[in-house]
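# Working through the structure, step by step
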Amino acid sequence: MTLHSKTPIGLDGVVAAATALSHVDGERGELIIAGQRLGELARSASFEEVTTRLWSLAHGEEIDPDGVKTGLGVARERAFETLPRILAASDGLPVIAGSRAGVAALGPVDGLSDETAIIGAMPVIAAALARRVNGLAPVAPDRSLGHAADTLRMLRGEAPTEAEAKALDAYLVTVSDHGMNASTFAARVVASTNADLFMAATAGYCALTGPLHGGAPEPVLAMLDAIGSRDNIAGWIDAALARGERLMGFGHRIYRVRDPRADVLRTAVGLLGGRGVDLGFAAEVEAYARVALAKAKPDRPLDTNVEFYTAILLDALRIPRAAFTPIFATGRAAGWTAHAREQQRTGRLLRPASLYTGVAPG
Ligand code: ACO
């Protein structure tokens, strides 16, 4: 292959893998996960059911959803038993980096598939680390609860309401998979070397943490805090864009219209009865930002992405900001593990090319 200066850098539009797991239509603003449109899926299926469907597609055989629900409960308990080791390995680290150490410390668990062990452990680690920041002891999981409800319980030390559990469940479904996003790609690259799922999930987690990907929701809240009031929306956004800053929660590599996940998450916030950031204020910020971005970048459609309402939803659920990315990872781990299996089944090493810009030896 000849590489020249017009070769796309950043892999835009490059097909790295074939997948039956999800599809992002950036022009129409449509997301299909496990064969269903997101809106329909989030209304009708739990996180456990969506995870089961993704794993079934990845393995090429039907997996029993009840087994997945039971397995995740057991996996949370097993992960809780290993917490002392994980807490020691992450001593002194902030929650996001501590979670990386926690995910990296995971390994096979007797009687559980590797994917079950990984997803079960994610919220146990996130909750324990988020509580440690405030000097609180970890809360043991309750295997009788759904993954979303138990996640909130482990974070707070008390059972969530049904509406709260439903809202977090809708969030986990919404972020469960999203085509060849950066963290999924990272997980697939690692899996393509035939490294195991724990290696792949650790790579996925690391890629997720950056603010251009899953690290954006915390800065979204910081932006909303800084704007503060309706009077300040226009002035703050105009000044930020004039300084050449990026508005967090806007823009996407694939979507050229509003991210369809934003609507699902906005609906989920509505279930919570007005807690957290005022939705009317958020909608005004969103509306102004969309217009201001269209003016600032007329050649590049930039619209609301998933992170804008992720931040508002997770805040309304009283999840500490530092735990936002690890909670995102709890949902996305369904996709990482499914993609890693799907990749391994192809037997194909992912190994792209690079454009050499160095000196040609004489
Ligand atoms: N605010 C202001 N300007 C922006 C924004 C934004 N949010 N996003 C892109 N732009 C500008 C860029 O500065 C660039 O301008 P230039 O051509 O004058 O240099 C132009 O739009 C094109 O930007 P790219 O970097 O080429 O767009 P890309 O597809 O690589 O970026 C990304 C996508 C990283 C999400 C970007 O839109 C961004 O940084 N958004 C803010 C962070 C964010 O919300 N991240 C979460 C993404 S969703 C997720 O991963 C789960």
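Owing to the predicted nature of the structure, the values given are computational and were not obtained by experimental measurement.

## Comments concerning the site of the ligand
- Neighbouring the ligand are 22 residues, the closest being Arg246, Leu247, Phe250, Lys297 and Arg300.
- One nitrogen or oxygen atom from the side chain of arginine 300 is found 2.7 Å from an oxygen atom belonging to the ligand.
- Partitioning the shell around the ligand into residue classes produces 11 nonpolar, five polar and six charged.

## What to know about the packing of helix H2 (residues 47-59) against helix H3 (residues 65-81)
- Axis separation between H2 and H3 bottoms out at 9 Å; the angle between their running directions is 115°. As summarised for this structure, H2 and H3 are arranged roughly perpendicular, according to the angle between their axes. The handedness of the crossing between H2 and H3 is right-handed. Packed against H2, whose contacting residues are Glu48, Thr52 and Trp55, the element H3 presents Pro65, Val68, Lys69 and Leu72 at the interface.
- Per-class residue counts for the contact of H2 with H3 are four nonpolar, one polar and two charged.

## What about the pairing of strand S2 (residues 30-33)?
- The pairing of strand S1 (residues 22-25) with S2 spans four bridges and is classified as antiparallel. Within S2, the position partnered with valine 24 by the bridge is leucine 31.
- If you look at the hairpin formed by S1 and S2, you'll find four residues sitting between the two strands, and glycine 29 has a positive phi there, around 70°.
- The sheet contact formed by S2 and strand S3 (residues 36-37) spans two bridges and is antiparallel. Its bridge partner being in S3, isoleucine 32 is matched across the sheet by arginine 37.

## As for the pattern of salt bridges
- According to the stated counting rule, one finds 20 salt bridges in the structure shown.
- Its salt-bridge partner being glutamate 158, residue arginine 318 comes within 4.0 Å of it at the nearest N-O pair. Of this pair, arginine 318 sits in the loop between helix H15 (306-316) and helix H16 (324-346) while glutamate 158 sits in the loop between helix H7 (147-156) and helix H8 (162-174), placing them 160 residues apart in sequence.
- In the salt-bridge network here, residues are joined through shared partners; they are Asp25, Arg28, Glu30 and Arg37.

## Overview of the nonpolar core
- By size, the foremost hydrophobic cluster in this structure holds 101 residues, and its most contacted members are Leu168, Tyr171, Phe308 and Ile319.
- No other element matches helix H6 (residues 114-133), which puts 12 residues into this core.
- Other than its neighbours up to four places away in sequence, isoleucine 319 contacts Leu152, Leu155, Leu168, Leu314, Phe324 and Ile327.

## Examining helix H5 (residues 95-104)
- Across the 10 residues of H5, seven count as buried, placing the element largely inside the fold.
- For H5, the set of buried residues is Val95, Ala97, Gly98, Ser99, Ala101, Gly102 and Val103.
- Buried residues belonging to H5 abut helix H4 (83-89), H6, helix H10 (197-208) and H16.

What counts and how
Residues numbered from 1 in each chain as written. Predicted model: local features only at pLDDT ≥ 70, side-chain atom pairs only at ≥ 80, totals over all residues. Heavy atoms only, no water. Near = heavy atom within 4 Å. Polar contact = N/O pair within 3.5 Å; in protein donor to acceptor, adjacent residues only side chain to side chain. Nonpolar A, V, L, I, M, F, W, Y, C, P; charged D, E, K, R; others polar. Axes fitted to C-alpha atoms, helices over the stretch in contact; angles between N-to-C directions. Helix = DSSP H or I, 4+ residues; strand = E, 2+ residues; numbered from the N terminus. Parallel < 35°, antiparallel > 145°, perpendicular 65-115°, else oblique. Left-handed = near helix turned anticlockwise from the far one by under 90°. Contact = heavy atoms within 4.5 Å. Pairing = 2+ DSSP bridges. Salt bridge = Lys/Arg side-chain N within 4 Å of Asp/Glu carboxyl O. Core = buried A, V, L, I, M, F, W, Y, C linked by side-chain atoms within 4.5 Å. Buried < 20%, exposed > 50% of the residue type's maximum accessible area, 1.4 Å probe, protein only.

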